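# Descriptive structure summary
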Amino acid sequence: MSTMGYAYAFLLILQTILIGVNAENLLQQGDSPIEVLIWMINQYIPVLKQASNLQEKQKKSLLPTHRPSEDK
């Protein structure tokens, strides 16, 4: 994984942690656990999409490139 990939992965992890911290704050403020859970799911969907896109980019970068043979 490149340095940029590690940085991007770190930022996704940080975003996930911050969602959890914010959820804890919402619970302490008296919000319903079900409402907080729904809120968290809605927050995690974009994070999961970003992580999936990062994984796909990594797979594509690891695939060997097809070179046409020079036997013509």
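The structure under discussion appears in the preceding block.
So, here is what we can say about the structure in this document.

Definitions and cut-offs
Residues numbered from 1 in each chain as written. Predicted model: local features only at pLDDT ≥ 70, side-chain atom pairs only at ≥ 80, totals over all residues. Heavy atoms only, no water. Helix = DSSP H or I, 4+ residues; strand = E, 2+ residues; numbered from the N terminus. Expected span 1.5 Å × (residues − 1). Buried < 20%, exposed > 50% of the residue type's maximum accessible area, 1.4 Å probe, protein only. Contact = heavy atoms within 4.5 Å. Bend = angle between axes of the 7 residues up to and from the residue.

## A few points about helix 1 (residues 3–28)
Between the first and last C-alpha of helix 1 there are 38 Å, a value that for 26 residues agrees with the 38 Å anticipated at 1.5 Å per step. Considered for burial, the residues of helix 1 that qualify are G5, A9, L12, I19, A23 and L26. Check the buried side of helix 1 and you find it contacts helix 2 (33–62). At the exit of helix 1 stands G30, carrying a positive phi of roughly 100°.

## Some thoughts on the environment of P33
Considering the arrangement of structural elements, one finds P33 in helix 2. Its relative accessible area of 57% is what places P33 among the exposed residues. Along the backbone, P33 and A23 are 10 residues apart, and their C-alpha atoms lie at a distance of 9.1 Å.

## Re the environment of W39
Of note, W39 is situated in helix 2. Looking at W39, the relative accessible area reads 25%, which means it is partly exposed. Discounting chain neighbours no more than four positions away, the residues touching W39 are I19, N22, A23 and L26.

## Looking at helix 2
In this model, helix 2 (30 residues) spans 42 Å end to end at C-alpha, consistent with the 44 Å of a helix rising 1.5 Å per residue. Maximal helix bending in helix 2 amounts to about 25°, located at Y44; proline P46 follows within four positions. The elements touched by buried residues of helix 2 are helix 1.

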